[in-house]
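# What the coordinates show
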Amino acid sequence: TQAPVNVTVTGAAGQIGYALLFRIASGQLLGQDVPVKLRLLEIPQAVKAAEGTAMELEDGAFPLLAGTDIFDDPKQAFEGTNIALLVGARPRSKGMERGDLLEANGGIFKPQGEAINAGAADDIKVLVVGNPANTNALIARSHAPDVPADRFTAMTRLDHNRALAQLSKKLGVPVTELKKLAIWGNHSATQYPSVQHAEVGGKSVDLDQAWLENDFIPTVAKRGAAIIEARGLSSAASAASAAIDHVHTWVNGTPAGDWTSAAVVSDGSYGVPEGLISSFPVTAENGQYKIVQGLEIDDFSRARIDASVAELVEERDTVQKLGLI
Ligand code: NAX
C-alpha cells in the first residue's frame, strides 16, 4: 500500500478549514486510493479549536486518514509536506489600509515560505487561499528560493466555478457542456472572467455584450460580497470545494480540449509582467500547471486584463517597499 501523502492546512480552525478537512480526509483531494496524513497549522489561540476539529476527524473513521497532527510552529507544520493549503490569513479589520493588510499578511506568509523552503518534500505543491491570495503567494514564494517557482499558486478556481455556474444558468445548459472559460488577473473585484473563448457543447458562443458587462462580470467578481450579505459570513464550503478542485486538477490533469483557471507565476505571457502571480487559463499535465499559450485577446479583454494586472503590480510594489519580497 502507498505511504500517506502529507497535507498541511493552515487556518485549520477557521470556517474554510472546517469544510475542507473532511473532504480531504474522505479522499476527494487526491483520490480514493491515496491515504493522507493531515498536518494542521494554527496560531496558539486557535490550537484548542483545531483539536476539536481533529477529534471530529477521528470520529469520521475515514479509511484514508492516516492521522492528524496539530502545530503552532510553521517549521514543524511544513516538515516533509507534499501539499500545502495556505488558508489562514489576516483579514482586513475596520480602518485598516491596504498597506497595513499586506504588511500583516507578510508577517504570516514570509515565515511560511521560509518553512516550506527549509522542510517541505521535494514534490511540494502550494495553494494559497488566504487573501490577498495572489500577493500572499508572491511573498511566500520569494522566501522559498529553493522551491521551483511553478509550485506556488493562488486560488481563482472559486471565481472560475462561479463563472461556470452563472453561464450555465444563463444558457440553461449543465456546467459539463461549458468549456474554456477563464479568470484573468487578481482574485479581487478587478478580476476578469472571460468568455471570449468559451464553448458550449463544442461550439463557440455568442453572448450579449451588455449582459456580459453589466451582469455576468460584476456578478462573478462581486459574488464574495453577495455571499457575505446573504449569509453573514464569507464563502466557506464553496471555497473549500474550489481548493479541492484546484489541487485535484493539478495532480490529475485537465481533460483534453478544456482548461481551467489558476493564479500561477507569470512567465511574461500575454504581457503580464514576469514573476507576478496572476490568474490565467491553465492546463495541467504530469502534475504541472501550464499557461495556455497563443490565445487571441480582443480589445475588451485586453483592457480588463491590463486593469487587473495593474492592481497586482501595485500590490507587488507595496510589498517590495515594505521589504516583504
Ligand atoms: P476564518 O477567519 O474563519 O479562519 C482563518 C483561520 O486562520 C483562523 O482560525 C485563524 O486563527 C487562522 N490563522 C490566522 N493566522 C494564522 C497563521 N499565521 N497561521 C495559521 N493559521 C492562522 O477565515 P476563513 O473564512 O476560513 O477564510 C480564510 C481565508 O480565505 C481568508 O483570508 C479569506 O479572505 C480567504 N478566502 C479566499 C477565497 C479565494 O477564492 N481565494 C475565497 C474564500 C475566502 O474569502
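Just so you know, the residues in each chain are numbered from 1, in the order the chain's sequence is written. Under the rules for a predicted model, residues below a pLDDT of 70 receive no local features and side-chain atom pairs below 80 are neither given nor counted, while totals for whole chains, interfaces and linings still include all residues. Side-chain metrics rest on all non-hydrogen atoms present in the structure, leaving aside hydrogens and water.

The chain has the name Malate dehydrogenase in an unreviewed UniProt entry, where Amycolatopsis vastitatis is given as its organism. UniProt positions are given in the numbering used here, feature names are shortened, and annotations may be inferred rather than shown by experiment. Looking at the Function (unreviewed entry) heading of the UniProt record, one finds this comment for the chain: "Catalyzes the reversible oxidation of malate to oxaloacetate." The UniProt entry for the chain carries the following comment under Catalytic activity (unreviewed entry): "(S)-malate + NAD(+) = oxaloacetate + NADH + H(+)".

Think of it this way: any DSSP run of H or I at least four residues long counts as a helix, any run of E at least two long counts as a strand, and we number them from the N terminus. The span one expects for a helix is its residue count, reduced by one, times 1.5 Å. Helix length check: helix H6 (residues 157-171) (15 residues) gives 21 Å between terminal C-alpha atoms against 21 Å at 1.5 Å per residue, within 8%. Three exposure classes are used, based on accessible area relative to the maximum for each residue type with a 1.4 Å probe and protein chains only: buried under 20%, partly exposed in between, and exposed over 50%. Within H6, burial applies to Arg157, Leu158, Asp159, His160, Arg162, Ala163, Leu164, Gln166, Leu167 and Ser168. Trailing H6 by a residue or two, Gly172 shows a phi angle of about 65°, which is positive.

Moving on, we come to the site of the ligand. Here, proximity means that at least one heavy atom of the residue falls within 4 Å of the molecule or strand. Taken together, 23 residues surround the ligand, and among them Gln15, Ile16, Glu42, Val129 and Asn131 come closest. Under this definition, polar contacts are N or O atom pairs within 3.5 Å; protein pairs additionally need one hydrogen-donor-capable and one acceptor-capable atom, and for neighbouring residues in sequence, both atoms have to be side-chain atoms. Contacts to the ligand include Gly11, whose backbone N or O atom sits 3.3 Å from a nitrogen atom. In the environment of the ligand, an oxygen atom lies 2.9 Å from a nitrogen or oxygen atom belonging to the backbone of Ile16. Each accessible area is a Shrake-Rupley estimate made with a 1.4 Å probe; only the visible protein chains count as cover when residues are assessed. In isolation the ligand has 870 Å² of accessible area, and contact with the protein removes 80% of it. Considered class by class, the residues forming the shell around the ligand number twelve nonpolar, ten polar and one charged. Here the term charged refers only to Asp, Glu, Lys and Arg, the term nonpolar to Ala, Val, Leu, Ile, Met, Phe, Trp, Tyr, Cys and Pro, and the term polar to all other amino acids, Gly among them.

A pair can form between side chains of opposite charge whenever their charged atoms are brought close. Here, a salt bridge means any side-chain nitrogen of Lys or Arg that lies within 4 Å of a carboxyl oxygen of Asp or Glu. All chains considered together, the criterion is met by nine salt bridges. Note that Glu311 is salt-bridged to Arg98, the shortest N-O span being 3.6 Å. Separated by 213 residues along the polypeptide, Glu311 in helix H10 (residues 299-321) and Arg98 in helix H4 (residues 98-119) bring together distant segments of the chain. With its nearest N and O atoms 2.4 Å apart, the salt bridge here joins Glu315 to Arg98. Of this pair, Glu315 sits in helix H10 while Arg98 sits in helix H4, and the two are 217 residues apart along the sequence. The class of Glu315 is buried, set by a relative accessible area of 2%. Relative accessible area serves as the criterion here: at 34%, Arg98 is assigned to the partly exposed category. Counted as one network, the salt bridges with shared partners bring together Arg98, Glu311 and Glu315.

Further remarks concern the pairing of strand E13 (residues 277-285). Taken across its nine residues, E13 has seven buried, putting it largely inside the fold. Only strands joined by at least two bridges in the DSSP assignment are considered to pair. Where strand E12 (residues 260-265) meets E13, six bridges bridge the pair, whose relative direction is antiparallel. Across the sheet, Val264 pairs through a bridge with Ser278, a residue of E13. Alignment of E13 against strand E14 (residues 288-291), held across four bridges, turns out to be antiparallel. Across the sheet, the residue bridging to Ala284 is Tyr289, located in E14.

Following Asn131, the chain continues to Pro132 via a peptide bond in cis, the omega torsion being -10°. Among the secondary structure elements, Pro132 is positioned in the loop between strand E5 (125-128) and helix H5 (133-142). One non-glycine residue, Ala61, adopts positive backbone phi at about 45°. On the basis of relative accessible area, Ala61 is assigned to the exposed category, the value being 59%. The phi dihedral of Tyr270 falls on the positive side, at around 55°, and the residue is not glycine. Tracing the sequence through the fold places Tyr270 in the loop between E12 and E13.

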